[in-house]
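Structural description and commentary
These are the residues of each chain, in order.
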Amino acid sequence: MGHIIADLKETFRRGTIFIQLIYINVGIFLIGTLINVFLRLFEVSTPDIFGIFALPASFIGFMHQPWSIFTYMFMHAGILHILFNMLWLYWFGSLFLYFFSAKHLRGLYVLGGICGGLLYMIAYNVFPLFSSQVVGSTLVGASASVLAIVAATAYREPNYRVQLFLFGAIRLKYLALVVIGIDVLSITSSNAGGHIAHLGGALAGLWFATSLNKGTDLTSWINWILDGFTSLFHKKTWKRKPKMKVHYGNSATGREKDYDYNAHKKAQSDEVDRILEKLKKSGYDSLTTEEKKSLFDASKR
């Protein structure tokens, strides 16, 4: 119950998780662009900063910069590259949160990126078709992460209709099949590595959604690591905890108050669970005004 309320807090906050991911991607892109402009303007000779954070196709290159399996998914090669990725992240990130939690979105973004990067490296080092391209090839972009979110959403609600410009309403399952089909057909193109990574991300999204249906959250270990890292920047992590005060007493009045309080909390918890189940099955629009208010109040506690 506690983790559900925590996720609701994130969803109701002005800056939801997919907006935060967009801020991170855009911020890194702008900083990288400014650094490149500065270096060219003053003709400063430095190592390839972009390459340090891009994912190498070569296993040997990856061993020299293992952090790139994480950093590459926040790097972009150009304005159109980041524009389309962030638009997809915005559209499907908001849709994803109708069916999954904010932490699931954060964790799946990373999981999709990791799986996409691994499939990219495996393909380039195993298949002879790419043997001449292994050395010097690198991968950047959030596409694999975004495709994981698209695939998971399409698996969860395959018949959900989305409105597309010029094409009208289309079911999610058909949209996902078209996108994945294009990647399969494009494996022999000049951007073969990118399309292979897309497929790895899509497979990660399907893996996550099917596993969650069986009760296994594949993103839990990622969120555990990310929560541990972000907690280092919270003031309360470094504050000394006050000594616990213990009060003794066994009066009947005190026990009755405790009983009433616990009963009230149990009733509130049951009501929130009922509303969350309705939200999961029928969507946010199916909730009454009172139910929406109850969810909002619960998210503030």
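So, how was this worked out
- Residues numbered from 1 in each chain as written.
- Predicted model: local features only at pLDDT ≥ 70, side-chain atom pairs only at ≥ 80, totals over all residues.
- Heavy atoms only, no water.
- UniProt positions renumbered as here; feature names shortened; annotations may be inferred.
- Helix = DSSP H or I, 4+ residues; strand = E, 2+ residues; numbered from the N terminus.
- Buried < 20%, exposed > 50% of the residue type's maximum accessible area, 1.4 Å probe, protein only.
- Contact = heavy atoms within 4.5 Å.
- Axes fitted to C-alpha atoms, helices over the stretch in contact; angles between N-to-C directions.
- Left-handed = near helix turned anticlockwise from the far one by under 90°.
- Nonpolar A, V, L, I, M, F, W, Y, C, P; charged D, E, K, R; others polar.
- Core = buried A, V, L, I, M, F, W, Y, C linked by side-chain atoms within 4.5 Å.

Per an unreviewed UniProt entry, the chain goes by Rhomboid family intramembrane serine protease and derives from Bacteroides caecimuris. Database annotation for the chain, UniProt heading Subcellular location (unreviewed entry): "Membrane".

Within the chain, the regular secondary structure consists of 14 helices and four strands. Put simply, the chain has 301 residues, and 39% of those count as buried. Intrachain contacts of the chain at a sequence separation of at least 6 include 70% that bridge at least 24 residues.

Another point: the packing of helix α8 (residues 143–156) against helix α9 (residues 172–185). Between α8 and α9, whose axes approach to 9 Å, the crossing angle comes to 145°. In the packing of α8 onto α9, the handedness of the crossing is left-handed. Where α8 abuts α9, its residues Leu147, Thr153 and Ala154 lie against Leu172, Lys173, Ala176 and Val179. By residue class, the composition of the contact of α8 with α9 is five nonpolar, one polar and one charged.

Let's shift gears to the side chain of histidine 195. With respect to the helices and strands, histidine 195 occurs in helix α10 (residues 192–213). Ignoring sequence-local partners within four residues, the contact set of histidine 195 consists of Asp183, Ser186 and Ser189.

Looking now at the nonpolar core. Generally speaking, nonpolar side chains in soluble globular proteins are found buried as a group. Phe96 and Tyr109 are the most contacted members of the largest nonpolar core, which totals 59 residues. Examining the composition of this core, we find that eleven residues originate from one element, helix α7 (residues 102–126), more than from any other. For phenylalanine 96, the residues in contact, after removing those within four places along its chain, are Ser101, His104, Leu105, Leu108, Ile149, Ala152, Thr153 and Phe208.

This part covers the environment of valine 134. Inspection of the secondary structure puts valine 134 in the loop between α7 and β2 (138–139). Placed 75 residues apart in sequence, valine 134 and phenylalanine 59 show a C-alpha to C-alpha distance of 9.0 Å. Ignoring sequence-local partners within four residues, the contact set of valine 134 consists of Ala57, Ser58, Tyr124 and Asn125.

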